[in-house]
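Observations on the model geometry
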Amino acid sequence: MQLIQILSDVGAGKRGSHEGVKWLSQRSDTVFEREVIFENHLSSDFIAPPAKYIDNLTAFFHQCLPPLSQHFQSSSFPVILSGDHANAIGTISALCHTFPDKRIGVIWIDAHADLHTPYTTPSGNLHGMSLAALIRQDNQTWSKHLLSDEIIQYWQQLKQLAPQSKGILPEDLCFLGLRDCEPEEIALLNQFNIPYFSVEKIREMGIEQVLTQVKQQFDDVDMVYLSFDVDALDADLLSATGTPVKGGFTEQEVKWLLSELLHLPSLAVFELTEFNPTLSSDTTQYERVGRLFRGALRQIEKREMKKAA
């Protein structure tokens with residue numbers, strides 16, 4: 001395995017999640033074949049809505065894309081620790097750039113859909129726009145903002161970081177744990193019939209049945225990017241994240257989901273994001289995330305050993 005750390009949190013409304021990356025990386029009991037760190041020290045002229053730090057992140061992702069592509073070509077499985085979910089625009093685009101002829105699916109374990117755009121965003125935070133950029137949607141039908149030419153140009157660049165690839169097809173998205181999204185995002189979910197399962201729905205159906213459906217959905221996908229936003233956990237279990245939401249998963253439920261999904265034959269990348277220890281002094285919360293991360297690494301190790309056997 002290789003560990004890729006993305007020390008950038010400007011896409012979030014609350015800073016500090018780069019410290020979560022550091023905390024988790026220092027407490028891993030895994031010996032990685034390679035450890036790589038990408039740090040974002042760029043400035044920005046856009047520090048207000050509707051697209052905060054869009055110039056910064058566009059430049060940062062362009063910087064990261066070539067070396068990330070090299071790492072993705074390695075035979076060593078990539079594990080990504082990321083400050084905030086905006087960084088997935090860069091990492092998933094790099095995967096698309098590396099394998100432009102492959103059909104890439106994304107499983108998004110998250111309380112939020114992250115399907116806003118600069119036209120619809122209520123906050124201006126790019127971590128709420130990750131998937132809209134990756135499926136290359138503007139959603140101007142629900143537009144609330146008039147954008148400057150500069151912001152439009154940056155947004156177009158974010159959507160086309162991997163121009164030789166088709167990007168992520170909407171039908172190759174799946175949400176687990178979704179429970180806090182706005183009408184503009186629901187409109188895209190419905191428009192493209194994107195599968196999504198709330199925590200309540202998963203408990204009603206049973207995790208095994210949901211996992212069966214998810215696995216069937218990705219049968220024809222060449223590669224899967226599995227992203228775990230820690231706010232998928234219930235807010236009472238984890239407030240050390242920028243946008244905690246009640247009604248989330250228990251630790252055991254996340255552990256079960258990861259233990260199954262990390263063994264998907266087409267799994268290509270695992271990402272953990274949005275852990276922000278600066279937002280809580282409760283170290284039991286840190287340890288909860290740490291257990292899930294170390295458990296995920298053990299599952300990946302088992303998977304890689306089985307493949308090598």
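See the structure shown above.
Bear in mind that the values here come from a model prediction, so they are computed numbers and not experimental data.

Cut-offs used in this document
Residues numbered from 1 in each chain as written. Predicted model: local features only at pLDDT ≥ 70, side-chain atom pairs only at ≥ 80, totals over all residues. Heavy atoms only, no water. Phe/Tyr/Trp six-rings, centres within 6.5 Å; stacked < 30°, edge-to-face > 60°. Helix = DSSP H or I, 4+ residues; strand = E, 2+ residues; numbered from the N terminus. Buried < 20%, exposed > 50% of the residue type's maximum accessible area, 1.4 Å probe, protein only. Lys NZ or Arg CZ within 6 Å of the ring centre and 35° of its normal. Salt bridge = Lys/Arg side-chain N within 4 Å of Asp/Glu carboxyl O. Contact = heavy atoms within 4.5 Å. Polar contact = N/O pair within 3.5 Å; in protein donor to acceptor, adjacent residues only side chain to side chain. Pairing = 2+ DSSP bridges. Axes fitted to C-alpha atoms, helices over the stretch in contact; angles between N-to-C directions.

Turning our attention to the packing of aromatic side chains. Scanning the model with the defined rule gives five aromatic pairs in all. Ring plane angle 70 degrees and centroid distance 5.8 Å describe the contact between Phe-275 and Tyr-286, whose orientation is recorded as edge-to-face. You can see Phe-275 sitting in the loop between strand E8 (267-273) and helix H10 (283-308) and its partner Tyr-286 sitting in helix H10, a full 11 residues away along the chain. Grouping residues by exposure puts Phe-275 and Tyr-286 together as buried. One aromatic cluster is present, formed by Trp-23, Phe-275 and Tyr-286 through successive ring pairs. Lying across the ring of Tyr-53, Arg-15 places its NZ or CZ 5.6 Å from the centre.

Turning to the pattern of salt bridges, a few remarks are in order. One pass over the full model with this rule turns up 14 salt bridges. For Arg-203, the salt bridge goes to Glu-253, with nearest N and O atoms at 2.9 Å. You can see Arg-203 sitting in helix H7 (residues 199-205) and its partner Glu-253 sitting in helix H9 (residues 251-261), a full 50 residues away along the chain. Several salt bridges share partner residues, and in doing so they unite Glu-251, Arg-288 and Arg-291 into one network.

What follows is about the environment of Asp-138. Mapped onto the elements, Asp-138 comes out in the loop between helix H4 (130-134) and helix H5 (149-159). For the pair Asp-138 and Thr-120, spaced 18 residues apart in the sequence, the C-alpha separation amounts to 8.5 Å. Apart from the residues lying within four places of it in its own chain, the contact partners of Asp-138 are Thr-117, Tyr-119, Trp-155, Gln-156 and Lys-159. Polar side-chain contacts of Asp-138 include one of 2.9 Å to the side chain of Trp-155.

Strand order in the open sheet formed by eight strands is E2-E1-E3-E8-E7-E4-E5-E6, and the pairing between neighbours is parallel. Each of the sheet's edge strands pairs with one partner strand only, and the pair in question is strand E2 (34-39) and strand E6 (196-197). Note: strand E1 (residues 2-7) against strand E3 (residues 78-82), five bridges, orientation parallel. By the bridge assignment, Ile-6 is partnered in E3 with Ser-82. Packed on one face of the sheet, helix H2 (residues 54-73) meets E1, E2, E3 and E8 and runs near 170 degrees to E2.

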